[in-house]
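A structural walkthrough
Read off the chains here:
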Amino acid sequence: GAGVSQSPSNKVTEKGKDVELRCDPISGHTALYWYRQSLGQGLEFLIYFQGNSAPDKSGLPSDRFSAERTGGSVSTLTIQRTQQEDSAVYLCASSFSDRWNEQFFGPGTRLTVL
Amino acid sequence: ILNVEQSPQSLHVQEGDSTNFTCSFPSSNFYALHWYRWETAKSPEALFVMTLNGDEKKKGRISATLNTKEGYSYLYIKGSQPEDSATYLCAFAGGTSYGKLTFGQGTILTVHP
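Residues numbered from 1 in each chain as written. Chains lettered and ligands numbered in written order. Predicted model: local features only at pLDDT ≥ 70, side-chain atom pairs only at ≥ 80, totals over all residues. Heavy atoms only, no water.

Before going further, it helps to spend a moment on the overall build of chain B. A count of helices and strands for chain B gives 0 helices and 11 strands. Traced from its N-terminal end to its C-terminal end, chain B shows the element sequence β-β-β-β-β-β-β-β-β-β-β. A compact globule built from 113 residues would reach a C-alpha radius of gyration of about 13 Å, and chain B, at 14 Å, matches this within 12%. For chain B, buried positions account for 49% of its 113 residues. Considering only intrachain contacts with a sequence separation of at least 6, the fraction spanning at least 24 residues in chain B is 54%. Roughly 5500 Å² of accessible area belongs to chain B as shown, and the carbon and sulfur atoms make up 46% of that amount. Here chain B holds 9 positive side-chain charges and 10 negative ones, and the gap between their average locations is 6 Å. (Helix = DSSP H or I, 4+ residues; strand = E, 2+ residues; numbered from the N terminus. Rg over C-alpha atoms; globule rule 2.2 N^0.38 Å. Buried < 20%, exposed > 50% of the residue type's maximum accessible area, 1.4 Å probe, protein only. Contact = heavy atoms within 4.5 Å. Areas by Shrake-Rupley, 256 points an atom, 1.4 Å probe, with all protein chains shown as cover. Lys, Arg positive; Asp, Glu negative; His and termini not counted. Charge placed at Lys NZ, Arg CZ, Asp CG, Glu CD.)

Structure follows, in structure tokens:
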């Protein structure tokens, strides 16, 4: 069946512009997660959704970052007024629920802020 | 801040060697310990999710053990093959959040033919 998909796969933007990253989870997965990997760093948690609500958004690095999920399915991660330090690979994952289930990762969006 | 440490950072072995890596994590407020394999140019792929102290899981030549009381997990690969070359990540779920995974920095395994 279809896996987790993300779009765009690559995004180059200028400093100060807003960007939206999209994630389509596996059908039937109620939990959805956002991570990022900056150059030379490990995977960093940003936020996760159970259904449409976000029980934990502690990893969002600043108020320029926001995310929403609608219909228990698609999620968008929005970064406002992008900065060069936002350059990273943004990964989305989904799982059957947020309790003790393996996460299935998408291919990621590579964001470059010039 | 939850600390998840993996060792070694990198490992080079010959085809056919057996190897193991370590993941250490907080021993309190534990929910689960995940292992993922991340091959270059691909997405991380789940190997195991372990929840109980003393858990042992196996998938083919790869196995893992869990000790939640002392806060460590071992991943073993028997008879390494070049296709096992990847970064192996462990991730801890615990504290105040079920769904949040805190990842270690990973162990980069290279298996030479």
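Further remarks concern the overall build of chain A. Helix and strand counts for chain A stand at 0 helices and 11 strands. Secondary structure elements of chain A, listed N to C terminal, follow the sequence β-β-β-β-β-β-β-β-β-β-β. Taken against the 2.2 N^0.38 rule, which gives 13 Å for 114 residues, the C-alpha radius of gyration of chain A at 13 Å falls within 12% of a compact globule. Judged by the C-alpha coordinates and their principal axes, chain A covers about 35 × 25 × 25 Å. A burial count over chain A gives 47% of its 114 residues as buried. Contacts in chain A between residues at least 24 apart in sequence constitute 55% of all its contacts with a sequence separation of at least 6. Summing over all exposed atoms, chain A offers an accessible surface of approximately 5500 Å²; the carbon and sulfur share of this is 47%. Here chain A contributes 11 positive and 12 negative side-chain charges, whose respective centroids are spaced 3 Å apart.

Another point: the interface of chain A and chain B. The interface is formed by 21 residues belonging to chain A together with 18 residues belonging to chain B. In total, about 1600 Å² of surface goes out of reach between chain A and chain B, with carbon and sulfur atoms giving 60% of it. Considering only the surface of chain A that becomes buried against chain B, Leu43, Trp100 and Phe105 of chain A emerge as the three largest contributors, covering 34% of it. Counting across the chain A and chain B interface gives 0 salt bridges. On inspection of chain A and its partner chain B, the count reaches 6 residue pairs in polar contact (both at pLDDT 80 or more). Residue assignment for the side of chain A that touches chain B shows that the elements contributing at least two residues are strand E4 (31–37) and strand E5 (44–50) of chain A. The element contributing the most residues to the side of chain A that touches chain B is E4 of chain A, with 3 residues. Taken together, the residues of the side of chain A that touches chain B sort by class into 9 nonpolar, 8 polar and 4 charged. (Buried area = accessible area lost by both parts, 1.4 Å probe. Salt bridge = Lys/Arg side-chain N within 4 Å of Asp/Glu carboxyl O. Polar contact = N/O pair within 3.5 Å; in protein donor to acceptor, adjacent residues only side chain to side chain. Nonpolar A, V, L, I, M, F, W, Y, C, P; charged D, E, K, R; others polar.)

Looking now at the pairing of strand E6 (residues 53–56) of chain A. All names here are of chain A. Examined bridge by bridge, E5 and E6 share 2 bridges and lie antiparallel to one another. Within E6, the residue paired with Tyr48 across the bridge is Asp56. Counted along the chain from E5 to the antiparallel partner E6, the turn is 2 residues long, and its residue Gly51 has a positive phi close to 65 degrees. (Pairing = 2+ DSSP bridges.)

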